[in-house]
Amino acid sequence: MYRAIGVLQEKWVLHIVRALLGSEKGFNELARAVGGCNSATLTQRLESLEDLGIIVKRTEDGGGKLARSVYSLTPAGQELQTVIDAIDAWARAHLSESEPTRCVG
C-alpha cells in the first residue's frame, strides 16, 4: 500500500491519469489538459507511469512531419477511475466550493 501511495502522490500523476480517463491524448494535448506542468516534468512522469504499466505510449507516423506520441491508459491505469471517483466524492462532501485551490511546489 505504501508503494501505491508513493506512486499516486507524485506531483501531476493523478492529473495525468484523470486527463487520460476520457481518451488517449498526444503529448501537447495532454500537457494542456494537465495544465501547469512543464514539459520535462511531464515527460518524466509519463516515462515513470509507462514503466509501471499504468500508461502506454504509441508513436504515430507524422507523414513527413515529426512523429506524434500518443498516450493512453492500460487496463491497470483504467482501474484508477475508482480512485479518482473516490477523491471526487470525498472532495464534494468535505471541501467547500468557495475555498480556493492552491498548488504547492
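Description of the structure in this document. Since we're looking at a predicted model, the values are computed, not measured.

As enumerated under the stated definition, the model contains six salt bridges in all. Between E24 and R58 there is a salt bridge, and its shortest N-O distance comes to 3.0 Å. On the criterion of sequence distance, the pair formed by E24 in the loop between α2 (13–22) and β1 (25–26) and R58 in strand β2 (residues 55–60) is long-range, its members being 34 residues apart. Accessibility expressed as a relative area gives 35% for R58, which makes it partly exposed. For the salt bridge of R68 with E29, the shortest nitrogen-to-oxygen distance reads 3.9 Å. With R68 in strand β3 (residues 68–73) and E29 in helix α3 (residues 27–34), the pair connects residues that are 39 residues apart, well separated along the chain. The class for R68 is partly exposed, based on a relative accessible area of 39%. In this structure, a network of salt bridges that share partners links the residues E24, E29, R58, E60 and R68.

Moving on: the environment of D85. Mapped onto the elements of the fold, D85 is located in helix α6 (residues 81–94). Taking the relative accessible area as the measure of exposure, D85 reaches 41% and is therefore partly exposed. Considering only alpha carbons, one finds D85 and R18, 67 residues apart in sequence, at a separation of 9.8 Å.

Reading guide: rules and limits
Residues numbered from 1 in each chain as written. Predicted model: local features only at pLDDT ≥ 70, side-chain atom pairs only at ≥ 80, totals over all residues. Heavy atoms only, no water. Salt bridge = Lys/Arg side-chain N within 4 Å of Asp/Glu carboxyl O. Helix = DSSP H or I, 4+ residues; strand = E, 2+ residues; numbered from the N terminus. Buried < 20%, exposed > 50% of the residue type's maximum accessible area, 1.4 Å probe, protein only.

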